[in-house]
Amino acid sequence: APAPLILGIESSCDETAAALVDGDRRILAHRLAGQEAAHRPFGGVVPEIAARAHIEVLGPLIEGALADAGKTLADVDAIAATAGPGLIGGVMVGLLMAKGIALSAGKPLVAVNHLEGHALSPRLADPALRFPYLLLLVSGGHCQLLFVEGVGRYRRLATTIDDASGEAFDKTAKLLGLGFPGGPAVERAAALGDPKAVPLPRPLLGSAEPHFSFAGLKSAVLRARDAGIHTPEDIAASFQQAVVDCLLDRTRRGITRAPGATALVVAGGVAANQAVRGALEALAIEHGLPFSAPPLWLCTDNAAMIGWAGVERFAAGASDPLDTPARARWPL
Ligand code: KG4
Ligand code: ZN
């Protein structure tokens, strides 16, 4: 059979995106509309503004993606959309659009867990990546170590007991007045600072369970800022180093819980950070494991990873009923 062609739709946070992806790992088209300008005045994502923005741009993005690929809906084998977790209004916009297209074009719907999109995204970029692998999933809402055994088979080894790592970047950016979105702003400021300048805590470092914690780090950033001694660049650099040290120590612990892993993998928005990528690659080398990380644009939210999760699930025989609900919370 020819490789399946999947239309992927993403709308769970502040990126609206549509992609056409096939079973040979070809991304035939990808259109993405960010909403940074709409949310910037508020210093964070406003759910109602996000949902309205998704409604305005999603239809044209899908039509544009089909046109870019030279395809019509008749060529598509299934419609894959994020069904959660995420901001519920945005998830509903994308999922309802997918259901409408599925119904009118007579195509199956694949309801994708956004976390599964991130978890499988490294396999879209890296044909050599096989199951099982140890995945550090670091995004705006999540920080988890997953033992990925196959499509639909994710064993969670660890999670954060308070904030997600991306959330810590975003809050730090806000505290330091570096702007929105926070992660890239902190990374840029950190490049101009000294990572050893400010003594900051490394929560849970060395603890037996491979869990994560970032709330104490954020509070320490607030105190460092209010002390008025250090530059924002030095605080940003020291913060980023503390996050990297924590991710590294916790992942090192996680490796002992993942015997048989064929690779160490990082994905999610925070995986776009060069210091994070570099540290994890070094850890993989230290343990003699192949390292895999998607290209930067595939780390942050996009529709290609949702289309690819659709490819993998469709190839495994999965499709979902048209009354599948949109979910704000949906653990993998
Ligand atoms: O995966 P993602 O795009 O959306 C969610 O599913 O949450 O991740 C977004 C998160 C945000 O917290 C953002 O600040 C962070 O990823 N992020 C970064 C970088 N780029 C995005 N954090 C650190 N360094 C970056 N370069
Ligand atoms: Zn995401």
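Residues numbered from 1 in each chain as written. Chains lettered and ligands numbered in written order. Predicted model: local features only at pLDDT ≥ 70, side-chain atom pairs only at ≥ 80, totals over all residues.

1. Remarks on helix H4 (residues 114-125)
Reasoning step 1: With 12 residues, H4 should reach 16 Å at 1.5 Å per residue; the first-to-last C-alpha distance of 17 Å fits that figure.
Reasoning step 2: Among the 12 residues of H4, 11 are classified as buried, and the element is accordingly described as predominantly covered.
Reasoning step 3: All of the buried residues in H4 are His114, Leu115, Glu116, Gly117, His118, Ala119, Leu120, Ser121, Pro122, Arg123 and Leu124. (Helix = DSSP H or I, 4+ residues; strand = E, 2+ residues; numbered from the N terminus. Expected span 1.5 Å × (residues − 1). Buried ≥ 20, exposed ≤ 12 C-beta atoms within 10 Å, placed from the backbone.)

2. Some details on the UniProt feature "binding site: Fe cation" (unreviewed entry) in the protein
Reasoning step 1: If you check UniProt for "binding site: Fe cation" (unreviewed entry), the listed places come out as His114, His118 and Asp301 in our numbering. In three dimensions, the annotated residues from a span of 188 residues occupy one location, with a maximal C-alpha spread of 9.0 Å.
Reasoning step 2: In this fold, His114 is placed in helix H4.
Reasoning step 3: By C-beta crowding, His114 is classed as buried, having 28 other C-beta atoms within 10 Å.
Reasoning step 4: The contacts of His114, once residues within four sequence positions are left out, are Ser12, Thr82, Gly84, Pro85 and Gly86.
Reasoning step 5: His118 gets classed as buried once you count the C-beta atoms within 10 Å, which come to 30. (UniProt positions renumbered as here; feature names shortened; annotations may be inferred. Contact = placed C-beta atoms within 7 Å.)

3. Section: the site of ligand 1
Reasoning step 1: If you check the shell around ligand 1, you find 20 residues, and the closest are Gly140, Gly166, Gly183, Gly269 and Asn273.
Reasoning step 2: Looking at the shell around ligand 1, the elements with two or more residues in it are helix H5 (165-175) and helix H6 (182-190).
Reasoning step 3: Partitioned by chemical class, the residues of the shell around ligand 1 number six nonpolar, 10 polar and four charged. (Near = placed C-beta within 6 Å. Nonpolar A, V, L, I, M, F, W, Y, C, P; charged D, E, K, R; others polar.)

4. Examining the sheet that holds strand S7 (residues 143-150)
Sheets are built from strands that pair by backbone hydrogen bonding, the pairs being arranged parallel or antiparallel.
Reasoning step 1: Spatially, the five strands line up as an open sheet ordered S8-S7-S6-S9-S10, and their pairing is mixed. Only two strands of the sheet have a single partner each, and these edge strands are strand S8 (153-158) and strand S10 (291-292).
Reasoning step 2: Contacts between helix H8 (residues 232-255) and the sheet are confined to strand S6 (133-138), S7 and S8, with S6 contributing the most and set at about 150° to the helix.
Reasoning step 3: Lying over the sheet, helix H9 (residues 274-286) contacts S6, strand S9 (264-267) and S10, oriented at roughly 170° with respect to S9. (Pairing = 2+ DSSP bridges. Axes fitted to C-alpha atoms, helices over the stretch in contact; angles between N-to-C directions.)

5. As for the domain arrangement of the protein
Reasoning step 1: Parsing the protein into structural domains produces domain 1 (5-119 + 299-315) and domain 2 (131-293).
Reasoning step 2: Between the C-alpha centres of domain 1 and domain 2 there is a distance of 27 Å.
Reasoning step 3: With 14 residues of domain 1 in contact, the opposing surface of domain 2 contributes 17 residues.
Reasoning step 4: Elements that contribute at least two residues to the side of domain 1 that touches domain 2 include exactly helix H1 (36-39), H4 and helix H11 (304-315). (Domains from an automatic or database assignment.)

6. Description of the sheet that holds strand S3 (residues 27-34)
Reasoning step 1: Here we have five strands laid out as an open sheet, ordered S3-S2-S1-S4-S5, and mixed in their pairing. The sheet is open, and its two edges are formed by S3 and strand S5 (109-113), each paired on a single side. Strand-to-strand twist of the sheet, defined as the mean angle between neighbouring strand axes without regard to direction, takes the value 20°.
Reasoning step 2: One ladder, built from six bridges, connects strand S1 (residues 5-10) with strand S2 (residues 15-22); its direction is antiparallel. Residue pairing for S2: Leu5 is matched across the bridge by Asp22.
Reasoning step 3: This element, helix H2 (residues 47-69), spans S2 and S3 of the sheet and lies at about 25° to S2.

7. Some thoughts on the packing of H5 against H8
Reasoning step 1: The contact between H5 and H8 brings their axes to 11 Å, and the two run at 170°. By the criterion of interaxial angle, the relationship of H5 to H8 is roughly antiparallel. Between H5 and H8, the residues in contact are Ser165, Ala168 and Thr172 and Ala236, Phe239, Val243 and Leu247, respectively.
Reasoning step 2: For the contact of H5 with H8, the residue count by class is five nonpolar, two polar and no charged. (Parallel < 35°, antiparallel > 145°, perpendicular 65-115°, else oblique.)

8. Digging into the UniProt feature "domain: Gcp-like" (unreviewed entry) in the protein
Reasoning step 1: Using the residue numbers shown here, the UniProt feature "domain: Gcp-like" (unreviewed entry) corresponds to residues 27-308.
Reasoning step 2: A helix fraction of 48% and a strand fraction of 16% characterise residues 27-308, whose end C-alpha atoms lie 9 Å from each other.

9. Focus: the nonpolar core
Reasoning step 1: In terms of nonpolar packing, the biggest core is built from 110 residues, with Ile79, Ala80, Ala81 and Leu135 touching the most fellow members.
Reasoning step 2: Here this core takes nine residues from H8, the largest share from any one element.
Reasoning step 3: Taken domain by domain, this core gets at least three of its residues from each of domain 1 (5-119 + 299-315) and domain 2 (131-293).
Reasoning step 4: Dropping the residues within four chain positions of it, Ala80 is found in contact with Ile6, Leu7, Gly8, Val110, Val112, Ile306, Gly307, Ala309 and Gly310. (Core = buried A, V, L, I, M, F, W, Y, C linked by C-beta atoms within 7 Å.)

10. Describing the pairing of S7
Reasoning step 1: The buried count for S7 comes to six of eight residues, which makes it a mostly enclosed element.
Reasoning step 2: Direction of pairing for S6 relative to S7: antiparallel, over a ladder of six bridges. Residue pairing in the sheet places Leu137 in a bridge with Gln144 of S7.
Reasoning step 3: Between S6 and S7, which pair antiparallel one after the other, the connecting turn spans four residues.
Reasoning step 4: Looking at chain direction, S7 and S8 are connected through five bridges and run antiparallel. Of the residues in S8, the one forming a bridge with Leu145 is Ala158.

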